[in-house]
Amino acid sequence: MHEKENPGWSHMHLSPLRELRGFIEDPVWTDVRLGDHLTMGGWALDLDQDLVASSLLS
Amino acid sequence: MHALNLILYVSFSTGVPVGRLEIHIIHFTTGKRHKSANIPEVQLELAGKYNRPFGTHIEIMGNYLVILLAHGTSLRNFQTLYLVDWIKGHVIHVSAPPSITFVCLLYVLTSRIATTLLRKYLFPSLDIHIRGHLRFRA
């Protein structure tokens, strides 16, 4: 977990649908970074909408 | 979205007095601005004072965000609730915290002494007269 600097997250694609579609590969972490000059406050995640709402203080 | 994503970590701060408070609408998988959001950065006006760290809690309800902002001073805490349409990108409603004056006035008016003193002026006894005779008193 980061403190203040470099806010963001990492996610991994674990859907079995990828194997069914022929994508056989080792899952890897994908980093998402939002910017060094921002401080992330609260956040909420909605996977169905591929949505993150985050309060950023600047 | 059918993919199962696992969020590993999210950085956050304990909060400090800041110049601007923005809600960013972004894609979880890329971190880019969300394509459905007309305005990717929604500015929130902060009512009330603060001189110490404050926190935010966000809930997503379809097209709307409910944002609870807890802030305050060493003397008093505030909680402001925002309802935001994240697709249109504007704040629909803000629950403004009551002012200090209003809170003090409310406290005085609801105190036992004030209630006793004001009752006979504000809520005089109800007399119902029928044909000139007293029939009911509340």
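Residues numbered from 1 in each chain as written. Chains lettered and ligands numbered in written order. Predicted model: local features only at pLDDT ≥ 70, side-chain atom pairs only at ≥ 80, totals over all residues.

Enquirer: What am I meant to see in the overall build of chain A here?
Expert: Tallying secondary structure elements over chain A gives one helix and four strands in all. Starting at the N terminus, the α and β elements of chain A follow one another as β-α-β-β-β. Counting over 58 residues, chain A shows a buried share of 24%. Intrachain contacts of chain A at a sequence separation of at least 6 include 28% that bridge at least 24 residues. (Helix = DSSP H or I, 4+ residues; strand = E, 2+ residues; numbered from the N terminus. Buried ≥ 20, exposed ≤ 12 C-beta atoms within 10 Å, placed from the backbone. Contact = placed C-beta atoms within 7 Å.)

Enquirer: Looking at this structure, I do not really get the overall build of chain B. What am I missing?
Expert: Assigned secondary structure in chain B consists of two helices and nine strands. Start at the N end of chain B and walk to the C end: the helices and strands fall as β-β-β-β-β-β-β-α-α-β-β.

Enquirer: In this structure, what is going on with the confidence of the model for chain B? I would like to understand it.
Expert: When pLDDT is low, close inspection of the predicted coordinates is not appropriate. All names here are of chain B. Averaged over all residues, the pLDDT of chain B is 70; the fraction at 70 or higher stands at 50%. The low-confidence segment residues 1-18 (pLDDT under 50) makes 53 contacts with residues lying over four places distant or belonging to another chain. The ipTM, which scores confidence in the relative placement of chains, is 0.78 for this predicted complex, and the corresponding pTM is 0.63. (pLDDT = per-residue confidence, 0-100.)

Enquirer: What's the story with the nonpolar core in this structure? I'm lost.
Expert: Nonpolar side chains in soluble globular proteins tend to be buried together. Judged by nonpolar contacts, the single largest core of 20 residues is most densely connected at Ala-53 of chain A together with Ile-23, Ile-25, Leu-65, Ile-67 and Val-84 of chain B. Counting residues per element, the ones that place at least two in this core are strand E3 (39-46) and strand E4 (51-57) of chain A together with strand E2 (21-27), strand E5 (64-72) and strand E6 (77-85) of chain B. If one sorts the elements of this core by residue count, E4 of chain A sits on top with four residues. Sequence-distant contacts of Val-84 of chain B, defined by excluding residues within four places in its chain, comprise Ile-23, Val-42, Tyr-64, Leu-65, Ile-67, Val-91 and Ile-92 of chain B. (Core = buried A, V, L, I, M, F, W, Y, C linked by C-beta atoms within 7 Å.)

Enquirer: Mind showing me how you'd approach the sheet that holds strand E4 (residues 55-61) of chain B here?
Expert: Picture the strands of a sheet paired through backbone hydrogen bonds; they go either parallel or antiparallel. Residue and element names in this part refer to chain B. The antiparallel open sheet is built from four strands, whose spatial order is E4-E5-E6-E7. Both outer strands of the open sheet, E4 and strand E7 (90-95), are each paired with one neighbouring strand and no more. Averaged over all adjacent pairs, the angle separating strand axes in this sheet is 20 degrees, with direction ignored. Where E5 lies against E6, nine bridges are found, and the strand directions are antiparallel. Each bridged residue has a counterpart across the sheet, and for Gly-72 the counterpart in E6 is Asn-77. (Pairing = 2+ DSSP bridges. Axes fitted to C-alpha atoms, helices over the stretch in contact; angles between N-to-C directions.)

Enquirer: Looking at this model, I keep getting lost on unusual backbone geometry. Mind explaining?
Expert: For residues that are not glycine, phi is negative in most cases, and the peptide bond is trans in most cases. Residue and element names in this part refer to chain A. Positive phi, close to 50 degrees, is recorded for Asp-50, a residue that is not glycine. Inspection of the secondary structure puts Asp-50 in the loop between E3 and E4. What makes Asp-50 partly exposed here is the crowd of 18 C-beta atoms within 10 Å.

Enquirer: Any chance you could explain the pairing of E6 of chain B here in plain terms?
Expert: In summary, the side chains of a regular strand alternate between the two faces of the sheet. All names here are of chain B. The antiparallel pairing of E5 with E6 creates a hairpin that spans four residues between the two strands. Note that E6 and E7 share five bridges and pair antiparallel. Bridge pairing in E7 places Leu-83 opposite His-93. The antiparallel pairing of E6 with E7 creates a hairpin that spans four residues between the two strands, and Gly-89 there sits at a positive phi of about 85 degrees.

Enquirer: Where do I start with the confidence of the model for chain A in this structure?
Expert: Overall, the prediction assigns chain A a mean pLDDT of 77, with 71% of residues at 70 or greater. The least confident element of chain A, judged by mean pLDDT, is helix H1 (residues 16-20) of chain A at 68; the most confident is strand E2 (residues 29-33) of chain A at 88.

Enquirer: Sorry, what's going on with the environment of Asp-31 of chain A here?
Expert: Residues and elements named next belong to chain A. Structurally, the position occupied by Asp-31 is in strand E2. The exposed category is assigned to Asp-31, around which 12 C-beta atoms lie within 10 Å. Separated by 20 residues in the primary sequence, Asp-31 and His-11 have C-alpha atoms spaced 6.7 Å apart. What Asp-31 contacts, discounting residues up to four positions off in sequence, is Gly-8 and Ser-10.

Enquirer: Quick question: what am I supposed to make of the environment of His-34 of chain B here?
Expert: Among the secondary structure elements, His-34 of chain B is positioned in the loop between E2 and strand E3 (41-43). Take His-34 of chain B: there are 20 C-beta atoms within 10 Å of it, and that puts it in the buried class. Separated by 52 residues in sequence, His-34 of chain B and Trp-86 of chain B have C-alpha atoms that sit 9.8 Å apart. With near-sequence residues (within four places) excluded, His-34 of chain B lies in contact with Leu-51 of chain A together with Ile-25, Ile-26, His-27 and Pro-40 of chain B.

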